[in-house]
Amino acid sequence: MTSRYGSVTLALAVLSGAAAARGWAQDTTHALEQGVRVGITYTPGVRPGMLLLGGPSQALLDSVRTIVGRDLDYSDRFEMISLPGTDSLTLGITALAAPAAPTSHTTEAGAFINYPLYEALGADYTVSVVQPPAAAAAVAVYDVKGRALLKLVPVAVTGVSDPGFRMAVHRASDEIIRIAAGTPGMAASRVLYLQGGRIYRVDADGADPVPLTPVGAKMFSPAWMPDDQHMVYTQLRQGLGAIYVQDLTTGRRDIVPPTGELLNYAAAVSPDGRTLAFARNTDEGAHLYSYNLGEHCCLQRLTTGRFSDNLSPTFSPDGRRIAFVSTRAGSPQIYVMSADGTDQQLFAPFDYGVTGSSYAPDWSPDGLHVAFHREVAGAYQVFVMDVASRTVRQLTSEGSNEDPTWAPDGRHLAFASTRTGVRQIWVMDLDTGRVRQLTRQEGARLPSWSPRLGDTTNH
Amino acid sequence: MRRTLAIALGAAVVVLAAACGGSPPPPPPAPQPNADSLARVRDSLAREQARQDSIRRAQEEAAQRAAQARADSLAAVARTTDEVKSMVGTMIHFDFDKSNIRPGEDTQTLDQKFAILQANPGLSVEIVGNCDERGSDEYNMALGNRRALAAKQYLVSRGISADRISTKSMGEENPINPAHDEDAWAQNRRDEFNVTAGGDVLMKPPGM
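Residues numbered from 1 in each chain as written. Chains lettered and ligands numbered in written order. Predicted model: local features only at pLDDT ≥ 70, side-chain atom pairs only at ≥ 80, totals over all residues. Heavy atoms only, no water.

Peer 1: Sorry, what's going on with the overall build of chain B here?
Peer 2: From N to C terminus, chain B includes five helices and four strands. Along the chain direction, N to C, the helices and strands of chain B fall in the order α-α-β-α-β-α-β-α-β. Here chain B holds 208 residues, and the buried ones make up 33% of them. Sequence-distant contacts, at least 24 apart, represent 78% of the contacts inside chain B between residues at least 6 apart. When the accessible surface of chain B is summed, it comes to about 12400 Å², and 58% of that surface belongs to carbon and sulfur atoms. (Helix = DSSP H or I, 4+ residues; strand = E, 2+ residues; numbered from the N terminus. Buried < 20%, exposed > 50% of the residue type's maximum accessible area, 1.4 Å probe, protein only. Contact = heavy atoms within 4.5 Å. Areas by Shrake-Rupley, 256 points an atom, 1.4 Å probe, with all protein chains shown as cover.)

The following block contains the structure:
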């Protein structure tokens, strides 16, 4: 699949040489279905070409190669290129029969690298999964134009049955992306979501969905803790709801004490992990509260007023501000305040009576953007606001699209979408507009994307 | 009374018979049972028995009726309680993304609940607000709360003490119709009313 798209994309790149202004693309699902994945405003030439070589068939190397290939593709930072043919390695050798080709050589890692061919195919980088003497697997990254091995990235696994196998490969993928694109990817991350009352986690490439809460308990609004080891969520009980912090490794969970009464939900944790912000239903409507998780104290009400609901808080990456939803002007819209509740003001501009209701803000990891969803012609669409200029841009248009959550790379968003008829979690790349389906569970919703998962996350 | 008369008549017959003839009176015949008088006595006894039986039957029937009446009145109380409870449980519905009480059927439903709460001072209820699946998931938790608060506010503004009414929200998490169409959505946008205390015996409000 990757190779087919890669070929088509390459052809397009050749056909449409003109450079256009780089900007966020619109949703390109239809284009994807037709085998084309280049957004209208995207400039093909901007992305470096990435060629993943085949290799000897062996269980561990095959698995690593499959995962790395998908991770590089899903990073959306490269034009994925494959050698024309089913068996890349064989074809590569045959095509390069000329023994004295001075620009090709068998590398230190043992792979035969045909730089001129790869360059002709448009590759800037070539990666090859190899088995060096000292490790189970590694990925060699070559600079095609520079004719050099850039780095041999070790894959810290012993075998495919290693419980941390997939995450170790994802981390290697992120390192390859860092080497080739200058900034790490989001392969080593996961997405939490709700389905049928249970919270699941799934790898960023859509593999390995695992339930984290028991059958029967009705959970709500899961969110990652910044330490990447815990999640927070609400357990609903007959119209009431308490917030819990759960250790993702041990499964142990603790109630956040002041949330044992009333309905408390939409929890978010500050980047330093110390402050929990959440919404609570009161006799004066829904209001935002904060609680000091570090010192287990100091419940503080952040919003007031009998006639408005205030909910869905999200912290800025510096922890100093909170964006949230408020109905203070009538319809729900996006507001912002200092983390202590002062200086409350409108955040995403709207025309009264014209702009649709706006919900579920999520502040980007770089602090520059806030994603949210807004009602447009009877459906919800994902928007992104530029924090500096306060201008908004609509990103989706197909089906109803809700509850965007930023990937740790700051260029992908996951959201719940009905574009195929039932709610599923989808991922969009903001640079190319490329969209892919993340979950395969009917009714998946309320996604929360993790930070980059550290080396200790092998569960 | 009738038996006394029969005995008196019998005695008169004997006296008249003894008074006839001058010779020494033959020894009086051994008294022969008079068929007529015997029948009459038997009749009277039977009648008496029947009378006694009818009295007993009447007494038994009266006792049964009393027991039935007692049972009937308990059942009636239970029936009334059930009926009132069912009126308390009548749901009200909302327009999409709205929490205002719609005038008409819904205000009538709430007026009925107001009268019931007034007639039953020990009664406490909870109001549970619900939403359809179309709104935003987190926002619907707040909207369900608004819907419950709107009904509570209506009842409190008419004079019911606020501490007799608690409110909850289930957002869109508890649909009564899981379908994805306008009919289902309209059914799911609702307030439910549950008795939380004082619901063992409920009185109908006057005039209901």
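Peer 1: I'm lost on the sheet that holds strand β23 (residues 358–363) of chain A in this one. Help?
Peer 2: Think of a sheet as strands paired side by side through backbone hydrogen bonds, with each pair either parallel or antiparallel. Residue and element names in this part refer to chain A. The four strands are arranged β23-β24-β25-β26 in an open sheet whose pairing can be described as antiparallel. Edge positions in the sheet fall to β23 and β26 (391–394), since each has one partner strand and no second. If you compare each strand with its neighbour and ignore which way they point, the axes differ by 30° on average. Of the strand pairs in this sheet, strand β24 (residues 369–376) and strand β25 (residues 379–386) are connected by eight bridges, and their pairing is antiparallel. Looking across to β25, one finds that F372 is bridged to F383. (Pairing = 2+ DSSP bridges. Axes fitted to C-alpha atoms, helices over the stretch in contact; angles between N-to-C directions.)

Peer 1: What am I meant to see in the pattern of salt bridges here?
Peer 2: For side chains bearing opposite charge, pairing can occur when the charged atoms are close. Residue and element names in this part refer to chain A. Taken as a whole and judged by the stated rule, the model has 38 salt bridges over all chains. For R411, the salt bridge identified is with D431, shortest N-O distance 3.5 Å. In this pair, R411 sits in the loop between β27 (401–406) and β28 (412–417) while D431 sits in the loop between β29 (424–429) and β30 (435–437), placing the two residues 20 residues apart along the sequence. Taking relative accessible area as the criterion, R411 reaches 10% and is therefore assigned buried. (Salt bridge = Lys/Arg side-chain N within 4 Å of Asp/Glu carboxyl O.)

Peer 1: What am I meant to see in the layout of surface pockets here?
Peer 2: One way to see where empty space is left: roll a probe the size of a water molecule over the atoms. Residue and element names in this part refer to chain A. By volume, the largest pocket is sized at about 1000 Å³. For the lining of the largest pocket, the class distribution of residues is 12 nonpolar, 12 polar and 13 charged. The space that makes up the second largest pocket amounts to roughly 850 Å³. Looking at the second largest pocket, it is lined by 38 residues, and the ones nearest its centre are T314, D362, T405, S448 and W449. (1 Å grid on protein atoms, 1.4 Å probe; cavity = no way out; pocket = protein on both sides within 12 Å on 5 of 7 lines; lining within 4 Å. Points joined across faces, edges and corners; volume = space filled by probe spheres on them. Nonpolar A, V, L, I, M, F, W, Y, C, P; charged D, E, K, R; others polar.)

Peer 1: I keep staring at helix α2 (residues 35–88) of chain B and nothing clicks. Help me out?
Peer 2: It helps to recall that an α-helix has 3.6 residues per turn; residues three or four apart then point in one direction. All names here are of chain B. The first and last C-alpha atoms of α2 sit 77 Å apart over 54 residues, in line with the 80 Å expected at 1.5 Å per residue. Those residues of α2 that sit buried are S44, T81, V84, M87 and V88. Looking at the buried side of α2, the elements it contacts are α3 (105–119), β2 (124–130) and β4 (190–197). (Expected span 1.5 Å × (residues − 1).)

Peer 1: Just to check I follow, could you spell out the sheet that holds strand β6 (residues 137–143) of chain A for this structure?
Peer 2: Residue and element names in this part refer to chain A. Ordered by their spatial adjacency, five strands build an open sheet running β2-β1-β5-β6-β7, and the pairing between neighbours is mixed. The sheet is open, and its two borders are formed by β2 (79–81) and β7 (148–155), each paired with just one other strand. Sheet twist, expressed as the average angle between the axes of neighbouring strands with direction ignored, equals 25°. Taken together, the three bridges between strand β1 (residues 49–52) and strand β5 (residues 125–130) define a ladder with parallel strand orientation. Bridge pairing in β5 links L52 to V127. Along the sheet face, helix α6 (residues 165–181) touches β1, β5, β6 and β7 and points at about 160° away from the line of β7.

Peer 1: Can you walk me through the state of the cysteines in this structure?
Peer 2: Working definition: the covalent bond between the sulfur atoms of two cysteines is a disulfide. All names here are of chain A. Per the counting criterion, the structure on display carries one disulfide over all chains. One disulfide in the model links C297 with C298; its S-S distance is 2.1 Å. Every disulfide takes its handedness from the sign of the S-S torsion; for C297 and C298 that torsion is -70°, giving left-handed. (Disulfide = S-S within 2.5 Å.)

Peer 1: Can you walk me through the interface of chain B and chain A in this structure?
Peer 2: Size of an interface, as often reported, equals the accessible area lost when the parts are brought together. Taken together, the 21 residues of chain B in the interface contact 33 residues of chain A. Across the chain B/chain A interface, buried area totals approximately 2100 Å², and carbon plus sulfur atoms make up 47% of it. Here chain B is connected to chain A by six salt bridges. Note that R423(A) is salt-bridged to E172(B), the shortest N-O span being 3.2 Å. Inspection of the region where chain B meets chain A yields 16 residue pairs in polar contact (both at pLDDT 80 or more). Considering every element that reaches the side of chain B that touches chain A, the biggest residue donor is helix α4 (residues 137–157) of chain B, with nine residues. When its residues are assigned to classes, the side of chain B that touches chain A shows five nonpolar, six polar and 10 charged. (Buried area = accessible area lost by both parts, 1.4 Å probe. Polar contact = N/O pair within 3.5 Å; in protein donor to acceptor, adjacent residues only side chain to side chain.)

Peer 1: Hey, could you run me through the side chain of S312(A) in this one?
Peer 2: Relative to the assigned elements, S312(A) resides in strand β19 (residues 310–315). At 2.6 Å, the side chain of S312(A) forms a polar contact with the side chain of E138(B).

Peer 1: Explain the pairing of strand β9 (residues 198–203) of chain A to me, please; I cannot follow it from the model alone.
Peer 2: In regular strands, side chains alternate between the two faces of the sheet. All names here are of chain A. In terms of burial, β9 is a largely internal element, five of the six residues being buried. Across six bridges, strand β8 (residues 190–195) lies against β9 in antiparallel orientation. Residue pairing in the sheet places R190 in a bridge with D203 of β9. Linkage of β8 to β9, two consecutive antiparallel strands, is achieved through a turn of two residues, within which G196 is found at a positive phi near 60°. Two strands pair when backbone bridges link them, and β9 and strand β10 (residues 210–211) are joined in this way by two bridges, in the antiparallel orientation. Within the sheet, the bridge partner assigned to R201 lies in β10 and is V210.

Peer 1: I would appreciate a short explanation of the nonpolar core in the present structure.
Peer 2: Here is a general trend for soluble globular proteins: nonpolar side chains tend to be buried in one another's company. By size, the foremost hydrophobic cluster in this structure holds 54 residues, and its most contacted members are I199(A), F220(A), M231(A), Y265(A), L311(A), F347(A) and W363(A). M50(A), V127(A), A136(A) and F165(A) belong to the second largest nonpolar core, which has 27 residues in total. (Core = buried A, V, L, I, M, F, W, Y, C linked by side-chain atoms within 4.5 Å.)

Peer 1: How do you make sense of the packing of aromatic side chains when you look at a structure like this?
Peer 2: The description of an aromatic ring pair uses the distance of the two centres, along with the angle that the planes make with each other. Inspection of the entire model under this criterion finds nine aromatic pairs over all chains. Relative to Y142(A), the ring of Y115(A) has its centre 6.4 Å away and its plane inclined at 75°; by these criteria the two rings are edge-to-face. Placement of Y115(A) in helix α5 (residues 115–120) and of Y142(A) in strand β6 is noted, with a sequence separation of 27 residues between them. Y142(A) carries the same exposure label as Y115(A), and that label is buried. Plain terms: the ring middles of F372(A) and F383(A) are 5.8 Å apart, the flat faces sit at 15° to each other, and that makes the pair stacked. Of the two residues, F372(A) is situated in strand β24 and F383(A) in strand β25; the sequence distance between them amounts to 11 residues. Both residues of the pair, F372(A) and F383(A), belong to the buried class. An aromatic cluster is defined as three or more aromatic residues linked by ring pairs; in this entry it consists of Y359(A), Y380(A) and Y139(B). In this arrangement the basic side chain of R280(A) is found over the ring face of Y289(A), its NZ or CZ atom lying 5.0 Å from the centre. Stacked on the ring of F193(B), the Lys or Arg K113(B) has its end atom at 4.1 Å from the ring centre. (Phe/Tyr/Trp six-rings, centres within 6.5 Å; stacked < 30°, edge-to-face > 60°. Lys NZ or Arg CZ within 6 Å of the ring centre and 35° of its normal.)

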